[in-house]
Amino acid sequence: MSEELSRRTALKSIVAGTAALGVSAALPAFAMESYKSTALKGNVNHSVCRWCFGGMDLDALCIEAKKIGLKAIDLVGPADWHILKKHGLYSSMCNGAEINLVDGWNDPKFHATLIKNYSEMIPKVAEAGYTQLICFSGNRRGKDDETGWKNCVEGLKQVIGIAEKHNVVLVMELLNSKVDHKDYQCDTTAWGAELAKRLGSENFKLLYDIYHMQIDEGNVIANINKYHQYISHYHTAGVPGRNEIDDTQELFYPAIIKAILATGFKGYLAQEFIPRYQDKIKSLRDAVNICDV
């Protein structure tokens, strides 16, 4: 299943069936027993990405999220913020200003549209009481690193002042270019950190997607330690496959989350795996428990 296709579609309009069809299987024993808990510890601000549960009504997802102890839902736009507020949940990563994942700030031909979109969306995010708005570099399309950085800086400088005025952080997501997002330019932590340095604003940060960065660069904990000052948000998923973060995959999330917390991180950690087990909410609950260190 193409994550680029499914996510791009889901970000435009949540469509039933985005999540993989249920497979009759139980979560492995270590997730069931070692990380079983009746109450969350409070060290992690837990969230979940809406698109991964696109087959579920947002109201229903909010109800289940509250039962688990989540504080927020990721990647929800203005049209549905009222639903989150109704359930007392936060919009931990807002969306709706981006064009898509491939047409981004690294190409001047998209600047006019992006500047208009973000100039209008930033005040809405602030008025709703939220602080983070996602953005994307876009695909390289033959551009070298220097050209990509230069174009991103030129475009983002047109809106960063608005973000600073409204206390909103523009957060560029790191995506892998090897498996899911071929040709995406902001595909390493170092690339994103260099862009942040050049912009020189606390209102521009990175979304470190653990799944994506394991695929493109590995060395997850070392890179988190090295670049944490530029990171304001984290996403999870299992590698390989972007499914449950259980013992069928190569990442050990408790150690990763402990490393994140050790940097002093106070932001949100959002589950962004595509459930493959039949009971998707159980998968979400178990993933939260695994990360609740």
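In this text the structure is predicted, and so the values were computed from the model without any measurement. (Residues numbered from 1 in each chain as written. Predicted model: local features only at pLDDT ≥ 70, side-chain atom pairs only at ≥ 80, totals over all residues. Heavy atoms only, no water.)

Draft legend 1. Representation of helix H8 (residues 189-199) in the model. Among the residues making up H8, those that are buried are Thr-189, Trp-191, Gly-192, Ala-193, Leu-195, Ala-196 and Leu-199. Where the residues of H8 are buried, they touch helix H6 (145-156), strand E5 (169-173), strand E6 (204-209), helix H9 (210-216) and helix H10 (220-227). Just beyond H8, the residue with positive phi is Gly-200, at close to 65°. (Buried < 20%, exposed > 50% of the residue type's maximum accessible area, 1.4 Å probe, protein only. Helix = DSSP H or I, 4+ residues; strand = E, 2+ residues; numbered from the N terminus. Contact = heavy atoms within 4.5 Å.)

Draft legend 2. Examining the nonpolar core more closely. One finds Tyr-118, Leu-133, Leu-156, Leu-170, Met-172, Leu-195 and Phe-204 to be the most contacted residues of the largest nonpolar core, which totals 91 residues. No other element matches helix H12 (residues 280-291), which puts 6 residues into this core. In this structure Leu-156 touches Trp-105, Leu-170, Met-172, Leu-195, Leu-199 and Phe-204, once residues within four positions along its chain are discounted. (Core = buried A, V, L, I, M, F, W, Y, C linked by side-chain atoms within 4.5 Å.)

Draft legend 3. Inspection of the pattern of salt bridges at higher detail. What the rule picks out here adds up to 15 salt bridges. Two residues, Lys-86 and Asp-59, come together in a salt bridge whose shortest N-O distance is 2.8 Å. Remark: Asp-59 occurs in helix H3 (residues 58-68) and Lys-86 occurs in helix H4 (residues 81-86); sequence separation between them is 27 residues. A relative accessible area of 22% means that Asp-59 is categorised as partly exposed. When the shortest N-O distance is used, the salt bridge between Asp-107 and Lys-143 registers 3.7 Å. Of this pair, Asp-107 sits in the loop between strand E3 (90-94) and helix H5 (111-127) while Lys-143 sits in the loop between strand E4 (132-135) and H6, placing them 36 residues apart in sequence. On the accessibility criterion, Lys-143 (13% relative accessible area) is buried. Beyond isolated ion pairs, a larger network of salt bridges with shared partners links Glu-146, Glu-194 and Arg-198. (Salt bridge = Lys/Arg side-chain N within 4 Å of Asp/Glu carboxyl O.)

Draft legend 4. Examining the pairing of strand E2 (residues 72-76) more closely. In terms of burial, E2 is largely enclosed, as 5 of its 5 residues are buried. Following the chain from strand E1 (residues 45-49) across H3 to the adjacent parallel E2, one finds a crossover that is right-handed. Pairing of E2 with E3, which is carried by 4 bridges, proceeds in the parallel orientation. Each bridged residue has a counterpart across the sheet, and for Ala-72 the counterpart in E3 is Tyr-90. Between the parallel pair E2 and E3, the chain is carried across by H4, and the sense of this crossover is right-handed. (Right-handed = clockwise from strand over helix to strand, strands pointing away. Pairing = 2+ DSSP bridges.)

Draft legend 5. Broad picture of unusual backbone geometry. In this structure, the amide linkage connecting Val-239 to the following residue, Pro-240, adopts the cis form with an omega of 0°. Within the fold, Pro-240 resides in the loop between strand E7 (231-236) and helix H11 (253-262). A positive phi is found at Asn-167, a non-glycine position, where the angle reads about 55°. Mapped onto the fold, Asn-167 is located in the loop between helix H7 (160-166) and E5.

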